[in-house]
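# Residue-level structural notes
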Amino acid sequence: MAEEFLSDIKTLRARARLHIENGAVTEGYRGDKETVVRLLNEALATEIVCVLRYKRHYFMAQGIHSQAVAAEFLEHANEEQVHADQIAARIVQLGGAPNFNPEGLLTRSHAEYVEGETLVDMIKEDLVAERIAIDSYSEMARYFGDKDPTTRRMVEGILAMEEQHADDLASLLATLDPTKKG
């Protein structure tokens, strides 16, 4: 016997009228909102720390290759800011409050804020942070699974961008530090 795909229309309409103050979070939401908001606030802190680190690296980049590398740092900073905005919007959509409080930002963040002395050091620190983000977002996507497909898809989109950032940085590192060539 085939499983029913949708509830009947009358049931859908009736459920939609219940708890309308919950906005996008309907009776069908199967995620643990408290845990999801906590994880997203950790991701938000991580993105903010990454924006700050990339911005510092953008302004501090020096040397013969600094112009091209600084441009990459700025591009990544701007993309990380977009991720932070997406995450904050999703937290609000789930009825939570995005935590932008600078107090405790580093303890909430999965990534560290390491300044780096040289251009190569900066690239390495950004690559480490991207690798942390990749593992973190991969775990989150698995956790959200089919309990919260909207958040999972958002996280998977961010994950794809973090993988691209890591690839960009690994290429820069191989160019500037020949000992790191594969």
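Heads up: the structure comes first, above all this text.
Here's what I pulled together on the structure shown here. Nothing here was measured: the structure is a model prediction, and the numbers come from that model. (Residues numbered from 1 in each chain as written. Predicted model: local features only at pLDDT ≥ 70, side-chain atom pairs only at ≥ 80, totals over all residues. Heavy atoms only, no water.)

## A closer look at the overall build of the protein chain
For clarity, the cut-off: In this text, helices come from DSSP runs of H or I with a minimum length of four residues, and strands from runs of E with a minimum of two, each type numbered from the N-terminal end. Should any heavy atoms of two residues lie within 4.5 Å, those residues are considered in contact. The Shrake-Rupley method, run with a 1.4 Å probe, gives the accessible areas here. Residue values count only the displayed protein chains as cover.
Check the secondary structure of the protein chain and you find 6 helices and 0 strands. Ordered by position from N to C terminus, the α and β elements of the protein chain give α-α-α-α-α-α. For the protein chain, long-range pairs separated by at least 24 residues make up 79% of all intrachain contacts whose partners lie at least 6 apart in sequence. Total accessible area computed for the protein chain in this model is approximately 10,900 Å², and 54% of it derives from carbon and sulfur atoms.

## Comments concerning a nonpolar patch on the surface
Put simply, the rule is: Only residues above 30% relative accessible area that lack a salt bridge enter a patch, with like-charged residues linked at up to 9 Å and the nonpolar side chains Val, Leu, Ile, Met, Phe, Trp and Tyr linked at up to 5 Å. Take a side-chain nitrogen of Lys or Arg and a carboxyl oxygen of Asp or Glu: if they are within 4 Å of each other, that pair is a salt bridge.
Together, L52, L106 and Y113 make up an exposed nonpolar region whose accessible area comes to about 280 Å². As for its position among the elements, Y113 is in the loop between α4 (105-108) and α5 (119-144).

## Thoughts on the packing of aromatic side chains
Here is the rule: Centres within 6.5 Å make a pair out of two Phe, Tyr or Trp rings, where for Trp the six-membered ring is used; the pair is then stacked when the planes are under 30 degrees apart, edge-to-face when over 60, and tilted otherwise. Exposure categories follow from relative accessible area, calculated using a 1.4 Å probe and restricted to protein chains: below 20% of the type maximum is buried, above 50% is exposed, and the middle band is partly exposed. Any Lys NZ or Arg CZ that is within 6 Å of a ring centre and within 35 degrees of that ring's normal is treated as a charge sitting over the ring.
The full count for this structure, using the stated rule, is 3 aromatic pairs. Ring centres of Y58 and F59 lie 4.8 Å apart, and the angle between their planes is 70°; on these two criteria the pair is classed as edge-to-face. For F59, a relative accessible area of 61% gives the class exposed. Consider the rings of Y143 and F144, whose centres lie 5.7 Å apart with planes at 65°: the pair is edge-to-face. F144 gets classed as buried once you look at its relative accessible area, which sits at 1%. Looking at R53, its charged tip hangs above the ring of Y54, at a distance of 5.6 Å from the centre.

Keep in mind these numbers describe shape, not what the thing actually does.
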